[in-house]
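Here are the chains, one letter per residue:
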Amino acid sequence: MLRHEFQPGKLVAGTVLTLVGVLYAGDAGGAWETPWFVAIPLVAGGLCLAGAVALVTGLVRRRRTTGRTTTDGPGPDLAV
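Now for a look at the structure at hand. (Residues numbered from 1 in each chain as written. Predicted model: local features only at pLDDT ≥ 70, side-chain atom pairs only at ≥ 80, totals over all residues. Heavy atoms only, no water.)

### Comments concerning the overall build of the protein
And step 1. Helix and strand content of the protein: two helices and zero strands.
And step 2. A sequence separation of at least 24 residues applies to 50% of the contacts in the protein between residues at least 6 apart. (Helix = DSSP H or I, 4+ residues; strand = E, 2+ residues; numbered from the N terminus. Contact = heavy atoms within 4.5 Å.)

Here you go:
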């Protein structure tokens, strides 16, 4: 059983920010050279992508819940 609902927008944002952190950790460790201005488009683009994913997820969830109906009983009587 899930303890919380899955939120793909937060997953995308976390992945992009982790990628930026790994890029700068590699630069600090001397593995490669990363220019300072690389983080700005990566973070901005990642946050925009995460916002778009969260918007689509919200629209899909709203559409799925409006079409459902609840029944209190076991169901309709199909006997003729």
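### Some remarks on helix α2 (residues 39–66)
And step 1. Under the 1.5 Å per step criterion, the end-to-end length of α2 is 40 Å for 28 residues, consistent within 8% with the ideal 40 Å.
And step 2. Buried residues along α2 sit in contact with α1 (8–29). (Expected span 1.5 Å × (residues − 1).)

### Quick notes on the packing of α1 against α2
And step 1. One way to put it is that α1 packs onto α2 with a least axis distance of 7 Å and a crossing angle of 165°. Classed by the angle they form, the pair α1 and α2 counts as roughly antiparallel. For α1 against α2, the interelement crossing comes out right-handed. Across from P8, G9, V12, A13, V16, L17, V20, L23 and Y24 in α1, the residues of α2 making contact are A39, L42, V43, G46, L47, L49, A50, V53, A54 and T57.
And step 2. Here the contact of α1 with α2 is composed, by residue class, of 16 nonpolar, three polar and no charged. (Axes fitted to C-alpha atoms, helices over the stretch in contact; angles between N-to-C directions. Parallel < 35°, antiparallel > 145°, perpendicular 65-115°, else oblique. Left-handed = near helix turned anticlockwise from the far one by under 90°. Nonpolar A, V, L, I, M, F, W, Y, C, P; charged D, E, K, R; others polar.)

### As for α1
And step 1. Relative to the 32 Å expected for 22 residues at 1.5 Å per residue, α1 spans 31 Å between its end C-alpha atoms, a close match to the ideal helical length.
And step 2. By the burial criterion, the buried members of α1 are P8, G9, V12, A13, V16, V20 and G26. Taken around the axis of α1, the buried residues stretch over an arc of 160°, which confines them to a single face. Residues of α1 that are exposed and point over 90 degrees away from its buried face: K10, A28 and G29.
And step 3. Buried residues belonging to α1 abut α2. (Buried < 20%, exposed > 50% of the residue type's maximum accessible area, 1.4 Å probe, protein only. Arc of directions from axis to C-beta.)

### Overview of the packing of aromatic side chains
The geometry of two aromatic rings is summed up by the distance between their centres and the angle between their planes.
And step 1. The full count for this structure, using the stated rule, is one aromatic pair.
And step 2. Seen in terms of ring centroids, W36 and F37 are 5.7 Å apart; in terms of plane orientation they differ by 90°. Their pairing is edge-to-face.
And step 3. A relative accessible area of 66% places W36 in the exposed class. (Phe/Tyr/Trp six-rings, centres within 6.5 Å; stacked < 30°, edge-to-face > 60°.)

### Overview of the environment of L42
And step 1. Relative to the helices and strands, L42 is located in helix α2.
And step 2. Separated by 22 residues in sequence, L42 and V20 place their C-alpha atoms 7.2 Å apart.
And step 3. The residues contacting L42, other than those within four sequence positions of it, are V16, V20 and L23.

### Observations regarding a nonpolar patch on the surface
And step 1. A cluster of nonpolar side chains, namely W36, F37 and I40, defines an oily patch on the protein surface of about 410 Å² accessible area.
And step 2. Note on placement: I40 falls in helix α2. (Patch = residues over 30% accessible without salt bridge, like charges linked within 9 Å, V, L, I, M, F, W, Y side chains within 5 Å. Areas by Shrake-Rupley, 256 points an atom, 1.4 Å probe, with all protein chains shown as cover. Salt bridge = Lys/Arg side-chain N within 4 Å of Asp/Glu carboxyl O.)

Functional significance is not addressed by these values, which are geometric in nature.
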